[in-house]
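A look at the structure
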Amino acid sequence: MKKLFFLLLATGVVALWGCNLSTTPTSTPTSNISQNFAPQFIAAVEPVDPFSVGAARQSAEHDQAISIEGRIGGTPQPFVNGLAAFTMVDFSIPDCCGAECTTPECSPAELAQNIVTVKFVDQNKKTLTVDARELLNLKEKDAVVIDGLVQRDQHGNFTVLANKIFIRPNQ
Amino acid sequence: MLLPWEYGVRNLARRPVRTGLTLFALATVVTLMLVVIGFIRGLERSLAISGDPNVALVFSLTAEDNPENSSIPANIPDLLAATIEGVSENFGNQAVSAELFLATRVTNEAGHQGFGLIRGVTNQAPQVRRNLRLVEGQWPKAGEVLLGRLAATKMGQTTARLNIGDRLDFEGESWTISGHFIADGAAFESEVWCRLEDLQLATKRQDLSLVALWLENRRSLGEVELFCKERLDLELSAISELDYYRGLQQFYKPVRWMAWTVVWMVAGAGIFTGLNMMYGSVAGRIREIATLRAIGFRRRAVLIGLMHEGLLMAACATLFAGLMAVMFVDGFAVKFTMGAFRLRIDSLALMIGCGVGLFLGVAGAIPPAIKALRAEIANGLKSS
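Rules and cut-offs
- Residues numbered from 1 in each chain as written.
- Chains lettered and ligands numbered in written order.
- Predicted model: local features only at pLDDT ≥ 70, side-chain atom pairs only at ≥ 80, totals over all residues.
- Helix = DSSP H or I, 4+ residues; strand = E, 2+ residues; numbered from the N terminus.
- Buried ≥ 20, exposed ≤ 12 C-beta atoms within 10 Å, placed from the backbone.
- Contact = placed C-beta atoms within 7 Å.
- Rg over C-alpha atoms; globule rule 2.2 N^0.38 Å.
- Core = buried A, V, L, I, M, F, W, Y, C linked by C-beta atoms within 7 Å.
- Axes fitted to C-alpha atoms, helices over the stretch in contact; angles between N-to-C directions.
- Parallel < 35°, antiparallel > 145°, perpendicular 65-115°, else oblique.
- Nonpolar A, V, L, I, M, F, W, Y, C, P; charged D, E, K, R; others polar.
- Arc of directions from axis to C-beta.
- Left-handed = near helix turned anticlockwise from the far one by under 90°.
- Expected span 1.5 Å × (residues − 1).
- Bend = angle between axes of the 7 residues up to and from the residue.
- Pairing = 2+ DSSP bridges.
- pLDDT = per-residue confidence, 0-100.

A count of helices and strands for chain A gives 4 helices and 6 strands. Every one of the 171 residues in chain A was classed for burial, and the buried ones make up 30%. Contacts in chain A between residues far apart in sequence, at least 24 positions, make up 61% of those at least 6 positions apart.

Given below as structure tokens:
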């Protein structure tokens, strides 16, 4: 009698477990694209002969229209929360800089010469109030080419008011 | 048929020493658990309440979110006030608080030394730190300091020795206590506040540790972050105060895990104590149990009767431990690396403590009772 009881109990547990597994909602493939995604800022074709970040910092003039290639990163949090802005570094900077590694290329002096702040703005040059990760479907370490206007100040800071971005496919 | 309720109650009174000892052991276990849970809950509350979602902190980029390591130019507050839209404003004063923060050795009039957290602030500070309440005395003037409610604990001193008008020595200067403040249990309560310019003068520093801004909306926090990313020459970093304290919560996660481990270890020790006590108790009652079965009570009824006794004892012990914890442990200030905080015996702590206490009573009674009930009635009746 006892054996029968335990057999029934064990069967019940297994059956319930099985039912539970079968009723667990399976993840349906969903799109990663946010509803704030704005395709008008995405360039269909990659701009030709873009400047590297380092070269652009050395030679570009204030208000010059320019194309710059680089990788999103350079700081522990390259994206600005809630605004369409981020930092981008030269490809010569290892992609671990700003996070865990401390190679010479990650030194603050080296980084300062190879980093640029990119922001997408409206007609009044106000930064768009949508996070760049949602607006442009970007993520950290993406290789991108941006088109925009250079903004320099007397302190050596370098910002690009971007109007288009080309996101290189992952290699 | 079950054993009458009075049977279990009277049984406890029949062996007062054994019952008293068991009560004491169970109460000690539950009290220890409540103290550790109170520590965890106090730490969690202190960190949770400290972050204001509307406050942005601007540090030096190299400070790694530690204000003690941060050094930023003195003109940053003005730059931020002029650049960032959405900084709260009252009667023409923007809610931008320039602060110099350091941990240093503090000596009281009696010569007692301890480490204190000192924050040099301007008159704008209360506009940003909005949970600050001056409960005694006045805002500090030149050469004066304002003490948080837990500042004395942080410095390892008793509040009785730190009254208004008393003097404290730090950074080569002598300071007079002008008042006391509270901040709803936030981390500031373990700090000593003084005028920014006085602290800069005493430390021979012209820089600041951080700037705190009270922002009207979350968008403005993005603007502060963007300002720091655009002005790379200033080497600044911005973080919301809420995220800063969330980071601290993550930092102290191993401590909390360790404390929870202690709770369960104490509970485990309590179960063994209870088992030991109940084994002893039941072992001396084998003849009584056999008699009960001989006169017709079933095994189940005797088992429930023994569990009833264990539960009754555990309930008394838990009640006593809970009262002790609420009266003497709740609100007790303890020193910690980040400052000081108060132990907190809240509803969750009481629920866990009482739950485990009652469980100890029931679980502790079952194994010895089963052992006793397995014995043959005839053998039980013959036992001495």
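Before going further, it helps to examine the overall build of chain B. A tally of helices and strands in chain B yields 13 helices and 14 strands. Here the C-alpha atoms of chain B give a radius of gyration of 29 Å, more than 25% beyond the 21 Å that 2.2 N^0.38 yields for 384 residues. Dimensions of chain B, computed from C-alpha atoms along their principal axes, come out at roughly 95 × 50 × 35 Å. Looking at chain B residue by residue over its 384 residues, the buried ones come to 43%.

Next up on the list: the nonpolar core. Residues Met33, Leu34, Leu57, Val58, Val211 and Leu213 of chain B are the most contacted members of the largest nonpolar core, which totals 88 residues. The residues touching valine 211 of chain B, leaving out its near neighbours within four places in the chain, are Val58, Ile76, Pro77, Leu80, Val96, Ser97 and Ala98 of chain B. Residues Ala84, Met88, Ile93 and Val160 of chain A belong to the second largest nonpolar core, which totals 31 residues.

All names here are of chain B. As a packed pair, helix α2 (residues 16-50) and helix α9 (residues 253-283) sit with axes 10 Å apart at the nearest point and diverge in direction by 170°. Viewed along their axes, α2 and α9 adopt a mutual orientation that is roughly antiparallel. Broken down by class, the residue content of the contact of α2 with α9 amounts to 18 nonpolar, 5 polar and 2 charged.

Bringing helix α3 (residues 76-83) of chain B into the picture now. Residue and element names in this part refer to chain B. Turning to α3, its buried residues number three or more, namely Ile76, Pro77 and Leu80. Viewed along the axis of α3, the buried residues span an arc of 100°, placing them on a single side of the element. If you follow the buried residues of α3, they end up packed against β1 (55-60), β4 (96-108), β11 (210-214) and α7 (218-230).

So, about the packing of α2 of chain B against helix α12 (residues 347-374) of chain B. All names here are of chain B. Direction vectors running N to C along α2 and α12 enclose 155°, while the axes themselves pass 9 Å from each other. Here α2 is positioned roughly antiparallel relative to α12, judged by the angle of their axes. Crossing geometry of α2 relative to α12 is assigned as right-handed. Together, Leu26, Val29, Val30, Met33, Leu34, Ile37, Gly38 and Arg41 of α2 and Leu348, Ala349, Ile352, Gly353, Val356, Gly357 and Leu360 of α12 make up the contact between the two elements. Classifying every residue of the contact of α2 with α12 by side-chain character gives 11 nonpolar, 3 polar and 1 charged.

With phi around 60°, lysine 125 of chain A is a residue other than glycine that occupies positive phi space. With respect to the secondary-structure elements, lysine 125 of chain A resides in the loop between β4 (115-120) and α4 (132-135). Given 10 C-beta atoms within a 10 Å radius, lysine 125 of chain A is considered exposed. One non-glycine residue, aspartate 184 of chain B, lies in the positive phi region at around 55°. Relative to the helices and strands, aspartate 184 of chain B is located in the loop between β9 (173-182) and β10 (191-195). A count of 13 C-beta atoms within 10 Å places aspartate 184 of chain B in the partly exposed class.

Glancing now at α12 of chain B. Residue and element names in this part refer to chain B. In a regular helix each residue adds 1.5 Å, so 28 residues correspond to 40 Å; α12 covers 41 Å between its end C-alpha atoms and thus fits that length. Where α12 bends most, the angle comes to about 25°, and this point is isoleucine 366, followed within four residues by the proline proline 367. In this structure, the buried side of α12 is in contact with α2, α9, α10 (286-294) and α11 (299-329).

Once that is clear, we can look at the interface of chain A and chain B. Interface size, as often reported, equals the accessible area lost upon joining of the parts. With 17 residues of chain A at the contact, the number on the chain B side is 11 residues. Listed by contribution, the elements that provide at least two residues to the side of chain A that touches chain B are β3 (85-89) and β4 of chain A. Here the element with the most residues in the side of chain A that touches chain B is β4 of chain A; it accounts for 3 residues. Partitioned by chemical class, the residues of the side of chain A that touches chain B number 5 nonpolar, 11 polar and 1 charged.

Residue and element names in this part refer to chain A. Pairing geometry for strand β2 (residues 65-72) and strand β5 (residues 143-152), over 7 bridges, is antiparallel. Counterpart to arginine 71 in the pairing with β5 is alanine 143. Direction of pairing for β5 relative to strand β6 (residues 158-167): antiparallel, over a ladder of 9 bridges. In the strand pairing of β6, valine 145 is matched with phenylalanine 166. The antiparallel pairing of β5 with β6 creates a hairpin that spans 5 residues between the two strands, and glycine 156 there sits at a positive phi of about 90°.

A few words on the confidence of the model for chain A. Mean pLDDT over chain A stands at 80; residues scoring 70 or higher make up 77%. This model gives residues 14-30 of chain A a pLDDT under 50, and the stretch forms 0 contacts once residues within four places in sequence are excluded.

Residue and element names in this part refer to chain B. Of all 5 residues making up β10, 5 are buried, and the element is well covered by its neighbours. The pairing of strand β7 (residues 144-148) with β10 spans 3 bridges and is antiparallel. Counted as the bridge partner of leucine 146 is tryptophan 193 from β10.

All names here are of chain B. Secondary-structure assignment places phenylalanine 115 in strand β5 (residues 113-121). Along the chain, phenylalanine 115 and phenylalanine 170 lie 55 residues apart, while their C-alpha atoms are 9.7 Å from each other. When residues no more than four places from it in sequence are discounted, the contact partners of phenylalanine 115 are Ala103, Arg105 and Met155.

Our next topic: the confidence of the model for chain B. Detailed reading of the predicted model is not advised wherever pLDDT is low. For chain B, mean pLDDT is 87; residues scoring 70 or higher make up 98% of the total. Across the assembled chains, the prediction reports ipTM 0.75 with pTM 0.75.

Turning to the environment of arginine 129 of chain B, a few remarks are in order. All names here are of chain B. Mapping arginine 129 onto the fold places it in the loop between α4 (125-128) and β6 (133-137). Given 23 C-beta atoms within 10 Å, arginine 129 falls into the buried group. Setting aside anything within four residues of it in sequence, one finds arginine 129 in contact with Ala183 and Phe188.

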